[in-house]
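Each chain is listed here by its residues.
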Amino acid sequence: VCDRVSPIDPETPKPENHIRFVCISDTHGRTQNLHVPPGDVLLHAGDFSSSGRLREVEEFAEFIASQPHKHKIVIAGNHDLTFDT
């Protein structure tokens, strides 16, 4: 049995030997003024673009690369069409 996970204030100090996940989604290319809290793992859970055009993918790649998180996980969403197989 697992305890329920509740959101915490991003400014809460991270306990020693813990991993902080930061989860975002549905940015649809609007990352210019997005404040992403610090953490160990950044998870983007889909829809980083509006249609998956090359320029949108390139801009998102620049955004995600600029984030300080040690690990980054990106899940393509239904709007990220160029990632369909």
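Above this text is the structure in question.
Sequence order as written defines residue numbering, which begins from 1 separately in each chain. In keeping with the predicted nature of the model, local features appear solely for residues at pLDDT of at least 70, side-chain atom pairs appear and are counted solely at 80 or more, and the whole-chain, interface and lining totals rest on all residues. Hydrogens and water molecules were not included; the side-chain quantities draw on all heavy atoms of the structure.

### Details of unusual backbone geometry
Trans peptide bonds make up the majority, and among non-glycine residues the majority have a negative phi. We apply this condition: Numbering of helices and strands runs from the N terminus, with a helix taken as a DSSP run of H or I at least four residues long and a strand as a DSSP run of E at least two residues long.
Residue Asn-17 is not a glycine yet carries a positive backbone phi of 65°. Position of Asn-17 relative to the elements: it lies in the segment before strand E1 (21-24).

### Considerations on the sheet that holds strand E2 (residues 41-44)
So the rule is basically this: Strand pairing is assigned whenever DSSP identifies at least 2 bridges connecting the two strands. To obtain an axis, a line is fitted to C-alpha atoms, over the contacting stretch when the element is a helix, and the angle between two such axes runs from 0 to 180 degrees between their N-to-C directions.
The 3 strands are arranged E1-E2-E3 in an open sheet whose pairing can be described as parallel. The sheet terminates laterally at E1 and strand E3 (71-74), the two strands that pair on one side only. Neighbour-to-neighbour, the strand axes of the sheet open up by a mean angle of 15°, direction not taken into account. Note: E1 against E2, 4 bridges, orientation parallel. Bridging from a neighbouring strand, Val-22 pairs with Leu-42 of E2.

### Quick word on the side chain of Gln-67
For clarity, the cut-off: Think of it in three bands: with a 1.4 Å probe and only protein chains considered, a residue is buried below 20% of the maximum accessible area for its type, exposed above 50%, and partly exposed in between. The definition of a polar contact used here is a pair of N or O atoms within 3.5 Å, where within protein one atom must be able to donate a hydrogen and the other to accept one, and adjacent residues in sequence count solely through side-chain atom pairs. It only takes one pair of heavy atoms within 4.5 Å for two residues to be counted as in contact.
Structurally, Gln-67 is set in the loop between helix H1 (54-66) and E3. Accessibility expressed as a relative area gives 14% for Gln-67, which makes it buried. At 3.5 Å, the side chain of Gln-67 forms a polar contact with the backbone oxygen of Phe-63. In this structure, Gln-67 is in contact with Val-36, Leu-42 and Lys-72, ignoring residues within four places of it in sequence.

Distances and angles like these do not, on their own, reveal function.
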